[in-house]
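So the chains spell out like this:
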Amino acid sequence: MKGAKFHDLLDHLRTTLAAWPDRRTGQNLSYAMADFGLSAFAVFFTQSPSFLAYQKSMQEAHGHNNAQSLFHLEKIPCDNQVRQMLDPVAPQALYPVYDRIYDTLREHGILQSFRGVQDSTLIALDGTWYHSSQNIHGPCCSFLTHQSGEITYYHSAVTPVLVAPGRAEVIALRPEFITPQDGHSKQDCEIAAAKRWLAENATRYLDGPVTLLGDDLYAHQPFCRQTLLHGFHFLLVCKPESHASLYQWVNLLQPGPDLGTFTQRIKAGSQWHTYAYRYAHQVPLAEGQDVLKVNWCEVTVTNPQGKVLYRNAWITDWPLTEKNLAALVAAGRARWKIENENNNTLKTKGYHLEHNFGHGRQHLSSLLAALNILAFLFHTVLGFTDEHYRLIRATLPTRKTFFQDVRALTRYLYFPSWKGLLRFMMRGLEIGPYAKPP
């Protein structure tokens, strides 16, 4: 796929960073603003907290370095300079890069494969913490007061991603950070942030039908109404313990015209699993007048011995039929990818999203989180667009192994380009153009 190579994306990133406001008033302007942003991005992209220190040492010893050749830095600032200069920059300043990647993937047809029920785009929403401390805090922190009187200060964000049944990848979209809001006395929360994300991004992502996926937290009337108001559909987990009135209504329905039921047998490996569906239309979501009425469905999966392997239920505005229910449930189940393939990967697979790379007094923590998510998005795009990158990742046993190799190679060896690094790895692995003939 042309037009989305690593150097193209990096050039756009550098152009965006170069336009960030420079608040320095003295004479010491030897580092460009882009160098501060690219320095942080390089750390997250290589998953190497010591990347800048290694490249400074390489520059002193050999007169060249990988920060310059791979990430287009002109000069390498120290960590404290990076933190100081990035602190005043709000994470929204990075959104043009997110948008460029999204538009590029759409133009080249990649987004067509991220479709689900009724051929709609599936966007999963979820909140995640990316910093917590009982000591480090600032005016942008949220806080949690424990029964003991201790206070935990934290930062969190809603991290929307595109998902699709049958696809392991997710595509990160603009995040929405949960921070104290001007003019509001209450703390910000995940649902309020999700509503802001809807208001600010609905027209951006509403290219054909879109279905929002979310956990039980989102399955409440105000958020559902906002979703419909912005032209989106919703498919949200709905649990009995938090929707008592809805389930009282469902439990009064008898199988037949009011409560549809049917089963499917689907082969899973060597076994046949039974999928038992129940569904109903125009069920009141809550009590009271002018209540929103939703469609409800449930699936229970059992093995040949009758053991329940999976059970879940959702509410939606999509009409339900025996023909579309399996696809709708598959879309609903794809929501877990935001936790497993996105948030869990960012926290436990080398990106260290919860690590305190720097807190600052203004925006530093959230900006670094946005850069970290952006690095993950770059890797996702490379998996779609760079055949050599994809081949290496498929050959090495784990993501962790890949980044261990990248860290070691870039510490000791100089590579004139990203393509040169990948070619060196393929040569060592004897794959691709360097594979030995049979």
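For the structure, check the block above.
Enquirer: Which residues make up the sheet that holds strand 6 (residues 171-172), and what values go with them?
Expert: Consider a sheet: its strands pair through backbone hydrogen bonds, and that pairing is either parallel or antiparallel. On the basis of which strands lie adjacent, the open sheet formed by nine strands has the order 6-5-1-8-9-13-12-11-10 and mixed pairing. The open sheet has two free edges, formed respectively by strand 6 and strand 10 (260-268), since each of these has just one partner strand. Alignment of strand 5 (residues 161-163) against strand 6, held across two bridges, turns out to be antiparallel. Among the inter-strand pairings, valine 161 is bridged to a residue of strand 6, identified as alanine 172.

Enquirer: So what's going on with the packing of aromatic side chains? Which residues, and what values?
Expert: Within this structure, the stated rule accounts for 25 aromatic pairs. Between phenylalanine 41 and phenylalanine 378, the aromatic rings sit 4.9 Å apart at their centres with planes inclined by 65°, giving edge-to-face as the arrangement. In this pair, phenylalanine 41 is assigned in helix 2 (residues 33-46) and phenylalanine 378 in helix 12 (residues 364-385), connecting sequence segments 337 residues apart. The exposure classification of phenylalanine 41 matches that of phenylalanine 378, with both residues buried. When the ring of tyrosine 102 is compared with that of tyrosine 205, the centres are 4.8 Å apart and the planes differ by 75°; the resulting orientation is edge-to-face. Note that tyrosine 102 is positioned in helix 6 (residues 95-107) and tyrosine 205 in helix 7 (residues 190-205), a separation of 103 residues in sequence. With respect to burial, tyrosine 102 and tyrosine 205 carry one shared label: buried.

Enquirer: Pulling in residues and values, what's your account of a nonpolar patch on the surface?
Expert: Together, Tyr412, Leu413 and Phe424 make up an exposed nonpolar region whose accessible area comes to about 310 Å². Residue position: tyrosine 412 is located in helix 14 (residues 399-412). For tyrosine 412, a relative accessible area of 61% gives the class exposed.

Parameters at a glance
- Residues numbered from 1 in each chain as written.
- Predicted model: local features only at pLDDT ≥ 70, side-chain atom pairs only at ≥ 80, totals over all residues.
- Heavy atoms only, no water.
- Pairing = 2+ DSSP bridges.
- Helix = DSSP H or I, 4+ residues; strand = E, 2+ residues; numbered from the N terminus.
- Phe/Tyr/Trp six-rings, centres within 6.5 Å; stacked < 30°, edge-to-face > 60°.
- Buried < 20%, exposed > 50% of the residue type's maximum accessible area, 1.4 Å probe, protein only.
- Patch = residues over 30% accessible without salt bridge, like charges linked within 9 Å, V, L, I, M, F, W, Y side chains within 5 Å.
- Areas by Shrake-Rupley, 256 points an atom, 1.4 Å probe, with all protein chains shown as cover.
- Salt bridge = Lys/Arg side-chain N within 4 Å of Asp/Glu carboxyl O.

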